[in-house]
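Per-entry structural report
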Amino acid sequence: MKTIVVDPGKAAVVNPMDYLDREKMSLLQKVVVTISIFLMGMDGFDVLSISFASPGIAQEWGTTKAALGIVLSMELIGMSIGSFFLGGTADTIGRRPTLIGCLMVMSAGMFLVTTATNPLQLCLWRILVGLGIGGMLSCTNAITAEFSNTRHRSLCISLMAIGYPLGGTIGGFFASRLLETHDWRSVFYLGTAVTTILIPAVYFWVPESVHWLARKQPHNALNKVNIIMGKMGHPGITDLPELAQEERKKSVGDIFSPALITQTLLLTLAYFLHITTFYFILKWAPKIVVDLGYTASTAASVLVWANMGGAMGGLIFGFLSTHMNLKKLTVSILILASIFVSLFGHTPTELNYLRLFAALAVFFGNAGVVAMFSILASAYPTHARAIGTGFVIGTGRLGAVLSPVLVGIMFQSGARLPTVAFVIGLGALLAAIVLLLPAIKLGDSTR
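Only a predicted model underlies this, so the values are computations on that prediction, with no experimental measurement involved.

Calculation criteria
Residues numbered from 1 in each chain as written. Predicted model: local features only at pLDDT ≥ 70, side-chain atom pairs only at ≥ 80, totals over all residues. Heavy atoms only, no water. Helix = DSSP H or I, 4+ residues; strand = E, 2+ residues; numbered from the N terminus. Rg over C-alpha atoms; globule rule 2.2 N^0.38 Å. Buried < 20%, exposed > 50% of the residue type's maximum accessible area, 1.4 Å probe, protein only. Contact = heavy atoms within 4.5 Å. Patch = residues over 30% accessible without salt bridge, like charges linked within 9 Å, V, L, I, M, F, W, Y side chains within 5 Å. Areas by Shrake-Rupley, 256 points an atom, 1.4 Å probe, with all protein chains shown as cover. Salt bridge = Lys/Arg side-chain N within 4 Å of Asp/Glu carboxyl O. Lys, Arg positive; Asp, Glu negative; His and termini not counted. Polar contact = N/O pair within 3.5 Å; in protein donor to acceptor, adjacent residues only side chain to side chain. pLDDT = per-residue confidence, 0-100. 1 Å grid on protein atoms, 1.4 Å probe; cavity = no way out; pocket = protein on both sides within 12 Å on 5 of 7 lines; lining within 4 Å. Points joined across faces, edges and corners; volume = space filled by probe spheres on them. Nonpolar A, V, L, I, M, F, W, Y, C, P; charged D, E, K, R; others polar. Core = buried A, V, L, I, M, F, W, Y, C linked by side-chain atoms within 4.5 Å. Expected span 1.5 Å × (residues − 1). Phe/Tyr/Trp six-rings, centres within 6.5 Å; stacked < 30°, edge-to-face > 60°. Lys NZ or Arg CZ within 6 Å of the ring centre and 35° of its normal.

1. Thoughts on the overall build of the chain
- Helix and strand counts for the chain come out as 17 helices and zero strands.
- Its C-alpha atoms give the chain a radius of gyration of 22 Å, within 12% of the compact-globule value 22 Å for 447 residues.
- Taken along its principal axes, the extent of the C-alpha atoms in the chain is 70 × 45 × 35 Å.
- Within the chain, buried positions represent 60% of all 447 residues.
- Taking all contacts inside the chain whose residues are at least 6 apart in sequence as the whole, residues at least 24 apart take part in 84%.

Encoded structure:
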């Protein structure tokens, strides 16, 4: 086994994964977690950009509600594919190169959306955006878990996840202003610019995961681990951790092993059901508000309020999760999400009520998403963390694909808002029931 000389002023550690789990987080580790919040924020804005733009798209191309529901789902199809396949790539070639590649794909896709002249072209470019977002989600969750210590891991993952509604809130604020004077394409120009800025941020300030290097042990892994440990201000190692033969045989396919397959399938089902509920407000709120007689910029402000509620929900969950049982807390949140989505369907048409109930629905809805991210970080070991997260998110995101399409069909068939909201709200309730099954067991996500 290769060895190197470490700094004699610092004691070498035996296993860098164990060391990072128990020691105080360094400045660089905190920077990585902070960047993960921005990455999720970009994800939130990129996904919701089509919702902000949907009233203008429908007006320019005369799109029906049923057809618009399909357009709203396209990047979610790409996300499902990207989460699964690019999550596996992150476990194979590393977190950092996969993350940078995903950002490049997202940036290109957002720009190409502005060149679309018909719904078919728009759908194709939104799928491309979704591919990048899906892979980035898997990477970001794994990176956050692996750069945080055991004590603060749940909180760090929660902070990462609230980047999603923060991105929707801040991006929505600017989008609503742009829509006052520009057409729907301006939203995607904004998304292209901000996504592009994040590429050098990741390149310079997000190193490869020490957990991944120590477990995968690629060429020159020992030196790479010591360089990164040094940047974080931690002692180096003289040897890579010894991997037992059984450990070396582990692969990303282990998420379907007898030990994990039941949990994988149940978590995927729970995520699918909740996401079906969650994306109802995020995808349809602007169009619903416009149909009530408000302008597109006013409709965007309702979505901004919804995302502000989502950010608060994720933040509060992060603090509660350090004091309460994760599974019980998640089940309670999902039940409340179901209730408040249904109540949104009975909201008076006055603007302030629409904003309030949208915010409450997404408060609990996003808290449920944050909770699912925390559960996923506790469900899979290092060698299969990104692919496990990617499979659950990717396959579960089919619920996000189904949600706007199903809502569009229900509206097109004559169903009224209270009925639609009640039916869609059942998804979160069913997800809570799935999580109560004893087959779902959570443990330490770091190994």
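2. A short note on a nonpolar patch on the surface
- On the surface, Ile335, Leu336, Ile339, Leu343, Phe422, Val423, Leu426, Leu429, Leu430 and Ile433 cluster together into a nonpolar patch covering about 770 Å² of accessible area.
- The set of elements that each furnish at least two residues to the nonpolar patch consists of helix H13 (326-344) and helix H17 (417-435).
- Per element, the largest residue contribution to the nonpolar patch is six residues, and it comes from H17.
- If you trace the backbone, Val423 turns up in helix H17.

3. Things to note about the environment of Glu350
- With respect to the element layout, Glu350 can be found in the loop between H13 and helix H14 (351-377).
- Looking at Glu350, the relative accessible area reads 36%, which means it is partly exposed.
- In the structure, Glu350 is positioned 29 residues away from Ser321 in sequence and 35 Å away in space, judged by C-alpha atoms.

4. Describing the side chain of Glu208
- Mapped onto the elements, Glu208 comes out in the loop between helix H7 (185-205) and helix H8 (210-216).
- Arg95 is the oppositely charged side chain nearest to the buried, salt-bridge-free Glu208, at an N-O distance of 5.2 Å.
- A polar contact of 3.0 Å, which involves the side chain of Glu208, links it to the backbone nitrogen of Arg95.
- At a separation of 3.3 Å, a polar atom in the side chain of Glu208 contacts the main-chain amide nitrogen of Arg96.
- What Glu208 contacts, discounting residues up to four positions off in sequence, is Ile93, Gly94, Arg95, Arg96, Pro97, Phe147, Leu213 and Ile228.

5. Here's the deal with the confidence of the model for the chain
- Of all residues in the chain, 91% have pLDDT values of 70 or greater, and the mean over the chain is 85.
- Here helix H10 (residues 245-248) is the element of the chain with the lowest mean pLDDT, 52, and helix H4 (residues 95-113) is the one with the highest, 95.
- Low confidence marks residues 1-5, where pLDDT is under 50. Its contacts with residues over four positions away, or in another chain, come to 16 contacts.

6. Regarding empty space enclosed by the protein
- Applying the stated criterion to the full structure yields two cavities of 30 Å³ or more.
- Reported here for the largest cavity is a volume of approximately 80 Å³.
- Lining the largest cavity are 14 residues, with Tyr164, Phe278, Val369, Phe373 and Arg397 positioned closest to its centre.
- Of all elements in the fold, only helix H2 (27-61), helix H6 (153-181), helix H11 (261-291) and H14 reach the threshold of two or more residues within the lining of the largest cavity.
- When the residues that make up the lining of the largest cavity are grouped by side-chain class, the tally is eleven nonpolar, one polar and two charged.
- In this structure, the second largest cavity encloses a volume near 30 Å³.
- Looking at the second largest cavity, the residues that line it are Val32, Ile35, Ser36, Leu39, Leu99, Thr140, Ile143 and Val206.
- Broken down by secondary-structure element, the contributors of at least two residues to the lining of the second largest cavity are H2 and helix H5 (119-147).
- At four residues, H2 tops the list of elements feeding residues into the lining of the second largest cavity.
- Classifying every residue of the lining of the second largest cavity by side-chain character gives six nonpolar, two polar and no charged.

7. Some thoughts on the pattern of salt bridges
- Taken as a whole and assessed by the stated rule, the structure comprises six salt bridges.
- Here Glu23 makes a salt bridge to Arg22, at a shortest N to O gap of 3.6 Å.
- Notably, a salt bridge pairs Glu60 with Arg185, separated by 3.1 Å at the nearest N-O pair. Of this pair, Glu60 sits in helix H2 while Arg185 sits in helix H7; the two residues are 125 residues apart in sequence, bridging distant segments of the chain.
- Each of Glu60, Asp183 and Arg185 takes part in one network of salt bridges that share partners.

8. Concerning the nonpolar core
- Ranked by internal contacts, the top residues of the largest apolar core, which has 134 residues, are Leu267, Phe280, Ile281, Phe373 and Leu435.
- Not counting the four nearest positions on each side in its chain, Ile281 is found in contact with Pro286, Leu303, Ala306, Phe344, Ala358, Ala361 and Val362.

9. Looking at H7
- Helix length check: H7, at 21 residues, gives a terminal C-alpha distance of 31 Å against a target of 30 Å (1.5 Å per residue), a fit within 8%.
- By the burial criterion, the buried members of H7 are Arg185, Ser186, Val187, Phe188, Gly191, Thr192, Thr195, Leu198, Ile199, Ala201 and Val202.

10. A look at the packing of aromatic side chains
- If you walk through the whole model with that rule in mind, you get ten aromatic pairs.
- Ring centres of Phe173 and Phe174 lie 5.5 Å apart, and the angle between their planes is 80°; on these two criteria the pair is classed as edge-to-face.
- Following the ring pairs from residue to residue traces out a cluster consisting of Trp61, Trp184 and Phe188.
- The ring of Tyr203 carries Arg96 above its face, with NZ or CZ at 4.9 Å from the centroid.

11. What about the side chain of Asn149?
- Among the secondary structure elements, Asn149 is positioned in the loop between H5 and H6.
- Residue Asn149 is classed as buried on the basis of its relative accessible area, which comes to 4%.
- In terms of polar contacts, Asn149 uses its side chain to reach the backbone amide nitrogen of His152, at 2.9 Å.
- If we ignore the near neighbours within four places in the chain, the residues touching Asn149 are Leu20, Asp21, Glu23, Lys24 and Met25.

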